[in-house]
Amino acid sequence: MREYLLTLCITAAVTYLLTGPVRKFAIVAGAMPEIRARDVHREPTPRLGGIAMFFGLCAGLLVADHLTNLSEVFENSNEPRALLSGAAVIWLIGVLDDKFEIDALIKLGGQMIAAGVMVVQGLTILWIPVPGVGTVALTQWQGTLLTVALVVITINAVNFVDGLDGLAAGMVCIAAAAFFMYAYRIWYSYGIEAAAPASLFAVILMGMCLGFLPHNMHPARIFMGDSGSMLIGLVLAAGAISVTGQVDPDLMNLFSGSERNSVHQMVPVYIPLVMPLTIIAIPAADLILAIVRRTWRGQSPFAADRGHLHHRLLEIGHSHSRAVLIMYFFSALIAFGALAYSVNAASMWIVLSVVILSAAGLVLLLLPRFTPRAPRWAEHFVPPRYRRRKAVVTEGEPPVAADEGGDADESGAGATGDRVPVAAGVSGVNGATAVGPRSRTR
C-alpha cells in the first residue's frame, strides 16, 4: 500500500506542478477558443490541460517501475506498456483537437486506433463471466470488438460530461478510487496477481485527477480539453478491461458450502460486469440521452448542445458549484454502493443505505435555492458562502438579516434582491454599501 501511495503522490505532484507552465504555453500557443453558445464560462480559458496529465501518467508509470513490489507488474504483464502506447495515441489526437478542433469522425477513428494499439499488445478481454453460465471464453475477434467498443464508449462518456469546472476530473477520480479498492481487494484477498495492473492504473488515474483539480475547480484557470478528457477516459477503460477480461473468476475458488452461500460468494465474480458500468453510469446515461435527443431532432449525434445533465442542473436554479457537487454525490453513491455490495451481498443494510442516500440526494436536487449554513463554531472552516451573514442596517429601518426573505446565492446577493450584505470599501447610493457579483480574476 505504501508503494501505491507513493505512486499516487508522485503522479499528483507532477501533474499539479506542470499544469501552471502548461497553462502559459496554451495561452502562447493560442489554445484559447472563443466563448461558444453551449459554454457556461464567461471568459476565454486556455485548454491543453491534458499535457500535464499525460506527463503525470508517465511519471507514475516510471516510479512504479522502480519500486520493489510494483515493478513485478511490468515484469509479469505487458499491460502497462499497452496502456502507455494507447494513451500516447489518444493524447496526441486530443492535443491536435484542442488546438485545431479536428472533425468528430477523425477523433472517433483515433479512439479506435488507440484501442487497437492496446489490443495488439495484449490489453484485451479474453473471457467474461456470465451469471448462470459461468466463464465464457471469447474468440480473438469477439474480444477485440468488445474491447474497442468499451474503450470508445468510456472515452466519449467522459468527454461528454466534461462541461463544468472540475466535473469530469472529480467524477473520474471518485470512480478510480472505488475501482482501486475493488481491484486491490481482488489482488490481496484472493491472491490473484492478474488484478495488479488494474490497481496500478486506478491509483495513477487518481493522481492525475487530484493533481489537476486545484487548477480546474470553479472558476477554472485551465481546462483539460479533449487531450485530458479522452486520456482519463482511456485509462479508466483500461483498468476495467484488465479486471473484466484478464482475471479468471475460477481462481477465486468460491464454489463451496451451500448453494445460497455460493451465490453470495460469487458476487465478486460478477461485479466486474457491473463495476465498469457503475463507474461511468452517469456519463454513459448522459451520452445515451444526448444521442437520442440529437437524433430525434434530426441532428448529428456529435453535434454539441446545452442539453447535458449538468446544463439542466444549472437551468433549474443550481449554482455552478452545487451542480458539480450533486454530480459528485450520485457518482460516489453508485460506484461505492456497488463496491460495498461486492464485499457483502447478503447485507440488507447496504441496500437500505443506498436507498436513503438516494432519497436525500433527490431532495437536494429538487431544492436548488436551498443554501446550507454551517454552525457558528464551524464558520472559520468552511467557504464564505456557507457562513451566516451579518445583519444589514439601513436608515429608518430595523436590522434585517441578509439571509432572511430569500437565500443568498454565490454572488452574495439575496434571492429577492431587496437587500444585500455589507461589503467593506464598496459605496452605493446615499452612502449605503452594497456588493455585486464577484468578478473572475486570473
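In what follows, the accompanying structure is described. (Residues numbered from 1 in each chain as written. Predicted model: local features only at pLDDT ≥ 70, side-chain atom pairs only at ≥ 80, totals over all residues. Heavy atoms only, no water.)

**Observations regarding the nonpolar core**
To be explicit about the condition: Residues grouped as a nonpolar core are buried Ala, Val, Leu, Ile, Met, Phe, Trp, Tyr and Cys residues, joined through side-chain atoms within 4.5 Å. Three exposure classes are used, based on accessible area relative to the maximum for each residue type with a 1.4 Å probe and protein chains only: buried under 20%, partly exposed in between, and exposed over 50%. Note on conventions: DSSP H or I runs of at least 4 residues are helices, E runs of at least 2 residues are strands, and numbering of each starts at the N terminus. Contacts: residue pairs with any heavy atoms within 4.5 Å of one another.
If you look at the biggest cluster of nonpolar residues, it comprises 90 residues, and the most contacted ones within it are Leu57, Leu200, Leu205, Leu231, Ile232 and Leu234. Looking at which element gives the most residues to this core, the answer is helix α7 (residues 167-190), with 16 residues. Excluding anything up to four places from it in sequence, Leu200 contacts Tyr4, Thr7, Leu61, Ala64, Leu70, Val73 and Phe74.

**Side note on a negative patch on the surface**
Test applied: Patches here are clusters of residues that have more than 30% relative accessible area and form no salt bridge, with a 9 Å joining cutoff for like charges and a 5 Å cutoff for nonpolar side chains (Val, Leu, Ile, Met, Phe, Trp, Tyr). Each accessible area is a Shrake-Rupley result for a 1.4 Å probe, and residues are judged covered by the shown protein chains and nothing else. Each reported salt bridge corresponds to a side-chain nitrogen of Lys or Arg within 4 Å of a carboxyl oxygen of Asp or Glu. Positive: Lys, Arg. Negative: Asp, Glu. His and the chain ends are not part of the count. The atoms used to mark charge sites are NZ of Lys, CZ of Arg, CG of Asp and CD of Glu.
A surface patch of like charges, here negative, comprises Asp65, Glu72, Glu75 and Glu193. Within the secondary structure, Glu75 sits in helix α3 (residues 71-76).

**Some words on helix α5 (residues 104-120)**
Filter applied, for reference: Here the expected length of a helix is defined as 1.5 Å per residue gap, with one fewer gap than residues. Polar contacts, as used here, are pairs of N or O atoms within 3.5 Å; protein pairs need one atom able to donate a hydrogen and one able to accept it. Residues neighboring in sequence count only if both atoms are side-chain atoms.
Between its terminal C-alpha atoms α5 stretches 24 Å, which fits the 24 Å expected from 17 residues at 1.5 Å a residue. Among the residues of α5, Lys107, Gly110, Gln111, Ala114, Ala115, Met118 and Val119 are the ones counted as buried. A distance of 3.0 Å separates the backbone nitrogen of Leu105 from a side-chain oxygen at the start of α5, and that oxygen is part of Asp103. Downstream of α5 by one or two residues, Gly122 has phi in the positive range, about 105°.

**Side note on the packing of aromatic side chains**
Note on aromatic pairs: each is described by the distance of the centres and the angle between the planes. Worth spelling out the cut-off: In this scheme Phe, Tyr and Trp rings, the latter by its six-membered ring, pair at centre separations within 6.5 Å, and the angle between planes marks the pair as stacked below 30 degrees, edge-to-face above 60, and tilted otherwise. Charge over a ring is defined by NZ of Lys or CZ of Arg lying within 6 Å of the ring centre and within 35 degrees of the ring normal.
If you walk through the whole model with that rule in mind, you get eight aromatic pairs. On the basis of an interplanar angle of 35° and a centroid distance of 5.5 Å, the ring pair of Phe180 and Tyr184 is categorised as tilted. Of this pair, Phe180 and Tyr184 both sit in helix α7, four residues apart, which is roughly one turn of the helix. With a centroid separation of 5.3 Å and an interplanar angle of 80°, the aromatic rings of Phe329 and Phe330 are classed as edge-to-face. Taking relative accessible area as the criterion, Phe330 reaches 18% and is therefore assigned buried. Ring pairs connect the aromatic residues Tyr4, Phe180 and Tyr184, which therefore count as one cluster. Lying across the ring of Phe100, Lys99 places its NZ or CZ 6.0 Å from the centre.

**Regarding unusual backbone geometry**
You will see that Leu48, though not glycine, has its phi angle at about 70°, which is positive. Residue placement: Leu48 occurs in the loop between α1 (2-29) and α2 (50-65). In this structure Leu48 comes out as buried when scored by relative accessible area, which is 3%. A positive phi angle, near 55°, is found at Glu101, a position not held by glycine. In this fold, Glu101 is placed in the loop between α4 (79-100) and α5. Look at Glu101 and you get partly exposed, because its relative accessible area is 46%.

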